[in-house]
Amino acid sequence: MKLLIQNGRVVHPVTSSILLQNILVENGRISLMEHGLDCEADQVIDASGLFVAPGLVDMHVHLRDPGLTYKEDIFTGCAAAARGGVTSVVCMANTSPTLDCPEQIKYVLDRAKGANGVEVYPVGAVSKGLRGEEPTDAEGLRAAGAIALSDDGCNVDNANLMRDVLIRARQLELPVLCHCEDTSMVEGRAVNEGSVSRKLWLEGRPAIAEEIMVMRDAMLAEETGARVHICHVSTARSVDIIRRMKKKGVPITCETCPQYFTLTEDEVLTQGALARVNPPLRTRADIQGIIAGLKDGAIDVIATDHAPHSAEEKARSLSRAPSGMIGLETSLALTLTQLYHTKKMDLPDIIRRMSTNPADLLHLSRGHLSLGAVADLMIFDPDEEWTIDPEQFASKARNTPFAGRTVKGRVKYTISKGKVIYKEE
């Protein structure tokens, strides 16, 4: 099977270049990339006026499968990913039952074989049942196919357990993805501690609750040599801590999400529970700190933390509704709108943080445009305007505070291993 993509502007995230090239894909891999290349193919895509980039690698997704499939399942999650230009999703362990044993990892991988071609990579739990009391069998999880460990959704409060897990993870060459919020400071609290929490007469989730745990896990990474990745960084001071630790040579990386460089805590006043996420939306100063971290490389990755919930759950009061918003189908457009079209970041730098960097951090053979590489590709128009309409989503869920927002940047084709898995109609 040969696929020829013609006349596209090819974004090379590693070399930070954009070149007019044609791409020939044979048997699921890139075989030629040349300007003016013309040859016979089974399928030809004219990408005139469009950009071609590696398929996005979202390293923070909640597929809710097994057990919570009324919110999302592997099939609908993969369909949503394809619509957003995402060809690889890394799914978290806070399902029901938890992905804390080899059998559950195998379940996810077996189910994913029946999906639409989006690659699914499961993450195994750090502790049994995400309770933070007893470590999982990391070696068994790795052997079953887990690519990392995480109790995401819960902080691992027990520092001794976290240290032991990191020592073992280093031996197994598994990264540990850390949700950093001190539970004693945030449990049961819905919004950032600040002006909005005071207006609503609610106890808030203070920024220091995140920053303390970022520092703790960075220090544990320094001591153990394990690869620690901080999930969904939301405060400027967290970015500063990570930047300083990186300069010391600590093996630490981190991610943020579009909501943390787009929305402030004020969104809660108009959107209520739709704007409730963990960690919470912060301040304008924090947004500036996050963007600075993206620009200088302190933040390695842009992920979504795609967290589907039912309409009934999100219709509850702010203090009773679950935290989280969906993002697979909007992450590229929101990022381009907020960072590229405002000239804060160049296109190759954005794609590197959404594709190449997460793939490299997790040792996945994805996210690169080179001869012989797996042909996971995204063809998009960075300038096309559209209005976010959750009713058009492929996801089961509709819980986004971005509904009705006009954005710029639209996915036209998503290609997985040389096969078109999404085409805009």
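See above for the structure.
Residues numbered from 1 in each chain as written. Predicted model: local features only at pLDDT ≥ 70, side-chain atom pairs only at ≥ 80, totals over all residues. Heavy atoms only, no water.

**Q** Provide a residue-level description of the sheet that holds strand β14 (residues 252-256), including the pertinent values.
**A** Pairing within the open sheet is parallel, and its five strands lie in the order β9-β10-β13-β14-β15. Of all strands in the sheet, those bounded by a partner on one side alone are β9 (149-150) and β15 (301-302). By the bridge criterion, two bridges tie β9 to strand β10 (residues 176-178) in an arrangement that is parallel. Pairing of leucine 149 across the sheet is with valine 176, part of β10. (Pairing = 2+ DSSP bridges. Helix = DSSP H or I, 4+ residues; strand = E, 2+ residues; numbered from the N terminus.)

**Q** Hey, could you go over helix α8 (residues 236-247) for me, with residue numbers and the actual values?
**A** With twelve residues, α8 ought to run about 16 Å at 1.5 Å a step, and its terminal C-alpha atoms sit 17 Å apart, in line with that. Every buried residue of α8 is accounted for by Ser238, Val239, Ile241, Ile242, Arg243 and Met245. Remark: glycine 249 follows α8 within two positions and exhibits a positive phi of approximately 90 degrees. (Expected span 1.5 Å × (residues − 1). Buried < 20%, exposed > 50% of the residue type's maximum accessible area, 1.4 Å probe, protein only.)

**Q** Explain the sheet that holds strand β8 (residues 119-122) to me, and be specific about the residues and the numbers.
**A** Strand order in the open sheet formed by three strands is β6-β7-β8, and the pairing between neighbours is parallel. With one partner strand each, in any of the chains shown, β6 (56-61) and β8 form the two edges of the open sheet. The mean inter-strand angle of the sheet, taken between neighbouring strand axes irrespective of direction, is 20 degrees. Here four bridges tie β6 to strand β7 (residues 86-91), and the two strands are oriented parallel to one another. Across the sheet, residue valine 61 finds its bridge partner in β7, namely cysteine 91. (Axes fitted to C-alpha atoms, helices over the stretch in contact; angles between N-to-C directions.)

**Q** Lay out the pairing of β7 in plain terms, naming residues and giving numbers.
**A** With six of six residues buried, β7 lies mostly within the body of the structure. The parallel pair β6 and β7, bridged by helix α1 (residues 74-83), forms a crossover whose chirality is right-handed. (Right-handed = clockwise from strand over helix to strand, strands pointing away.)

**Q** Before we move on, can you summarise the pattern of salt bridges with the specific residues and values?
**A** One side chain can pair with another of opposite charge once the charged atoms of both are near each other. Inspection of every chain in the model, using the stated rule, returns 28 salt bridges. Here aspartate 65 makes a salt bridge to arginine 111, at a shortest N to O gap of 2.8 Å. Here aspartate 65 is found in the loop between β6 and α1, whereas its partner arginine 111 is found in helix α2 (residues 102-112), with 46 residues between them in sequence. By relative accessible area, which is 26% here, arginine 111 ends up partly exposed. The shortest N-O distance in the salt bridge between glutamate 210 and arginine 282 comes to 3.4 Å. Taken together, the residues glutamate 210 in helix α7 (residues 207-224) and arginine 282 in the loop between α9 (267-271) and α10 (284-296) connect sequence positions 72 residues apart. Across this residue pair, the class does not change: glutamate 210 and arginine 282 are buried. One continuous salt-bridge network, built from bridges that share partners, spans Glu119, Arg366, Asp376 and Lys417. (Salt bridge = Lys/Arg side-chain N within 4 Å of Asp/Glu carboxyl O.)

**Q** So what's going on with the layout of surface pockets? Residues and values would help.
**A** There is about 600 Å³ of room inside the largest pocket. In this structure, the largest pocket is lined by 25 residues; those nearest its centre are Asn94, Gly153, Cys154, Asn278 and Ser323. A breakdown of the residues in the lining of the largest pocket according to their chemical character gives five nonpolar, twelve polar and eight charged. Mapped onto the lining of the second largest pocket, the elements with two or more residues apiece are α12 (331-340), β16 (377-387) and β17 (406-416). Residue composition of the lining of the second largest pocket, by class: seven nonpolar, six polar and four charged. (1 Å grid on protein atoms, 1.4 Å probe; cavity = no way out; pocket = protein on both sides within 12 Å on 5 of 7 lines; lining within 4 Å. Points joined across faces, edges and corners; volume = space filled by probe spheres on them. Nonpolar A, V, L, I, M, F, W, Y, C, P; charged D, E, K, R; others polar.)

Everything listed here is a matter of coordinates, which is why it stays silent on function.
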